[in-house]
Amino acid sequence: MEDTNISEITSTEKEITRAANIIKTRKRCVALTGAGISVESGIPPFRSKGGLWEKYDPTVYASIDVFRKDPSKYWTIRGEFIRNYNNYQPNPGHLALMELETMGLLRCVITQNIDGLHAKSGSKDILEIHGSLREIYCVNCKRQYIAPDIPAGTPPYCESCGGVLKPNTVLFGESLPATALKRAQEESEECGVMLVIGTSANVFPAAALPEIAHRSGAVLVEINLENAFPQAEVYINEKSGIALPEIIRRIKDII
Ligand SMILES: [Zn+2]
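1. Some thoughts on the side chain of N224
Then, in step 1: Assignment of secondary structure puts N224 in the loop between strand 8 (219-223) and strand 9 (234-236).
Then, in step 2: On the basis of relative accessibility, which here comes to 7%, the residue N224 falls in the buried class.
Then, in step 3: At 2.8 Å, the side chain of N224 and the backbone oxygen of T199 are in polar contact.
Then, in step 4: Residues within four places of N224 in sequence aside, it is in contact with I197, G198, T199, Y235, I236, N237 and E238.

Right, here's the structure in full:
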């Protein structure tokens, strides 16, 4: 039993060292993040057990068609999700990506998360392909609001014109933000390394990005508690809040 544990630790350590070498030596590293990276900040994935979609049917509560008829449904679950909005803080995984960017080793973060934690951690170049909860706008006059500074009420209405407010997040039935998605696809085609962190291969088009990167010649480094991408050359079976800071420590050790 003890031997098994030791060999597991060794294998993760070895993969972390390989990841550090790859990031240090190959150019154009980008990261793709999903719900898994925010779990360590206390945000359960929507699709998981105990997640929001277990309690509320997303095709009703997070659908653009329903929103147009009755926006209060969306604002009800949003209230539940962001009750602790200001308490959600970036964890060491988010901070490590910010540090990699500062070190000049990470071009951008492509994220499926709408929680805004990459921005909160200080990362600069973030492609939020499912939008962001922070940004809210009036569907009528387009006035912008920033969460949590929005008018009270379910749903809240614009202080300027009385129009209903909508989050800048992608609801079911809506298209993804074209500019962010286009750049995410270009970065995936042109990168030399893609870090795939806390995301599985089941929500498109994000799930296609690692395959695009792999086909275009990039090395995939996957950090996930379950191996979702068989194409990954390096697979680190560890929490990103532990693995990413460790990768940075080793990069700094490489002369
Ligand atoms: Zn307005």
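Once you've had a look at it, read on.
2. Quick word on the coordination of the zinc ion
Under perfect tetrahedral coordination by four donors, a metal shows angles of 109.5 degrees; under perfect octahedral coordination by six donors, it shows angles of 90 or 180 degrees.
Then, in step 1: Here the zinc ion is held by C138 (SG), C141 (SG), C158 (SG) and C161 (SG), and the distances to it run 2.3 to 2.4 Å.
Then, in step 2: Here the zinc ion binds four donor atoms, and the angle range of 96 to 116 degrees at the metal identifies the geometry as tetrahedral.
Then, in step 3: In terms of primary sequence, the donors binding the zinc ion are separated according to C-x2-C-x16-C-x2-C. On the criterion of sequence distance, the pair formed by C138 in strand 4 (residues 131-138) and C161 in the loop between strand 5 (144-146) and strand 6 (165-169) is long-range, its members being 23 residues apart.
Then, in step 4: Note on C138: relative accessible area 0%, which makes it buried.

3. Points about the environment of G153
Then, in step 1: Positionally, G153 belongs in the loop between strand 5 and strand 6.
Then, in step 2: You can call G153 partly exposed: its relative accessible area is 47%.
Then, in step 3: C-alpha of G153 to C-alpha of S72: the two residues are 81 residues apart in sequence and 9.2 Å apart in space.

4. Considering the domain arrangement of the chain
Then, in step 1: Along its sequence, the chain is organised into domain 1 (1-43 + 89-130 + 176-255) and domain 2 (44-87 + 132-169).
Then, in step 2: Each of domain 1 and domain 2 has a C-alpha centre, and these two points are 28 Å apart.
Then, in step 3: Taken together, the contact between domain 1 and domain 2 spans 13 residues of the former and 14 residues of the latter.
Then, in step 4: Between domain 1 and domain 2 the total buried area reaches about 1000 Å² when both faces are included, carbon and sulfur atoms providing 58% of it.
Then, in step 5: Across the salt bridge formed by E128 and R134, the nearest N and O atoms sit 3.4 Å from each other.
Then, in step 6: Elements with a minimum of two residues in the side of domain 1 that touches domain 2: helix 2 (35-39) and helix 8 (117-121).
Then, in step 7: Partitioned by chemical class, the residues of the side of domain 1 that touches domain 2 number six nonpolar, four polar and three charged.

5. Some details on the packing of aromatic side chains
Then, in step 1: Going through the model one piece at a time under the given rule, you end up with three aromatic pairs.
Then, in step 2: On the basis of an interplanar angle of 70 degrees and a centroid distance of 6.1 Å, the ring pair of F67 and Y74 is categorised as edge-to-face. There is no split in this pair, since F67 and Y74 are both buried.
Then, in step 3: On the basis of an interplanar angle of 80 degrees and a centroid distance of 5.5 Å, the ring pair of Y74 and W75 is categorised as edge-to-face. Summarising the burial analysis for this pair, Y74 and W75 share the class buried.
Then, in step 4: Here the aromatic cluster, defined as three or more aromatic residues joined through ring pairs, consists of F67, Y74 and W75.

Rules behind the numbers
- Residues numbered from 1 in each chain as written.
- Predicted model: local features only at pLDDT ≥ 70, side-chain atom pairs only at ≥ 80, totals over all residues.
- Heavy atoms only, no water.
- Helix = DSSP H or I, 4+ residues; strand = E, 2+ residues; numbered from the N terminus.
- Buried < 20%, exposed > 50% of the residue type's maximum accessible area, 1.4 Å probe, protein only.
- Polar contact = N/O pair within 3.5 Å; in protein donor to acceptor, adjacent residues only side chain to side chain.
- Contact = heavy atoms within 4.5 Å.
- Donors = N, O, S within 2.8 Å, 3.2 Å for Na, K, Ca; no water.
- Tetrahedral: all angles 85-135°; square planar, octahedral: opposite > 155°, others 65-115°.
- Domains from an automatic or database assignment.
- Buried area = accessible area lost by both parts, 1.4 Å probe.
- Salt bridge = Lys/Arg side-chain N within 4 Å of Asp/Glu carboxyl O.
- Nonpolar A, V, L, I, M, F, W, Y, C, P; charged D, E, K, R; others polar.
- Phe/Tyr/Trp six-rings, centres within 6.5 Å; stacked < 30°, edge-to-face > 60°.

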